[in-house]
Amino acid sequence: MARVIWVLVPVISLGFLAALPFVAAAIKHVIKPWVAVVYVVAEVVIIGVALSISASADEPYRGFILILLIAVAATHAAFLDSEKVTVGK
């Protein structure tokens, strides 16, 4: 149940809390802190870029960038407790 909640955090928050599962996992020593730092920096950069792009119907980049952030963060959050993934642990 906890895994489902952590996967839903980036989705429900529309990407604004995408790094939260990784910061919590780093605090609990599930992953190394550099993974959480990478996610925090990536989230700030991606949201900054997405908000700086003008919103027009001809350029859907803003939504695509945010959807990409949400999908990647949710997928990686699902693999936090997996024994098969060894990168960052």
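Because the structure is a prediction, the values reported are computed rather than measured. (Residues numbered from 1 in each chain as written. Predicted model: local features only at pLDDT ≥ 70, side-chain atom pairs only at ≥ 80, totals over all residues. Heavy atoms only, no water.)

## A word on the packing of helix H1 (residues 2–12) against helix H4 (residues 61–78)
Where H1 contacts H4, the two axes come as close as 8 Å, and the packing angle between them is 165°. Classified by the angle their axes make, H1 and H4 are roughly antiparallel. Viewed along their axes, H1 and H4 form a crossing whose handedness is right-handed. On H4, the residues that touch Arg 3, Trp 6, Val 7, Pro 10 and Val 11 of H1 are Ile 70, Ala 73, Ala 74, Ala 77 and Ala 78. (Axes fitted to C-alpha atoms, helices over the stretch in contact; angles between N-to-C directions. Helix = DSSP H or I, 4+ residues; strand = E, 2+ residues; numbered from the N terminus. Parallel < 35°, antiparallel > 145°, perpendicular 65-115°, else oblique. Left-handed = near helix turned anticlockwise from the far one by under 90°. Contact = heavy atoms within 4.5 Å.)

## Focus on the nonpolar core
Within the largest apolar cluster, 16 residues are counted, with the highest numbers of intra-cluster contacts made by Phe 22, Ile 31, Tyr 39, Ala 73 and Leu 80. Looking at this core, the elements with two or more residues in it are helix H2 (20–27), helix H3 (33–52) and H4. In terms of residues, this core owes the most to one element, H3, which gives five residues. (Core = buried A, V, L, I, M, F, W, Y, C linked by side-chain atoms within 4.5 Å. Buried < 20%, exposed > 50% of the residue type's maximum accessible area, 1.4 Å probe, protein only.)

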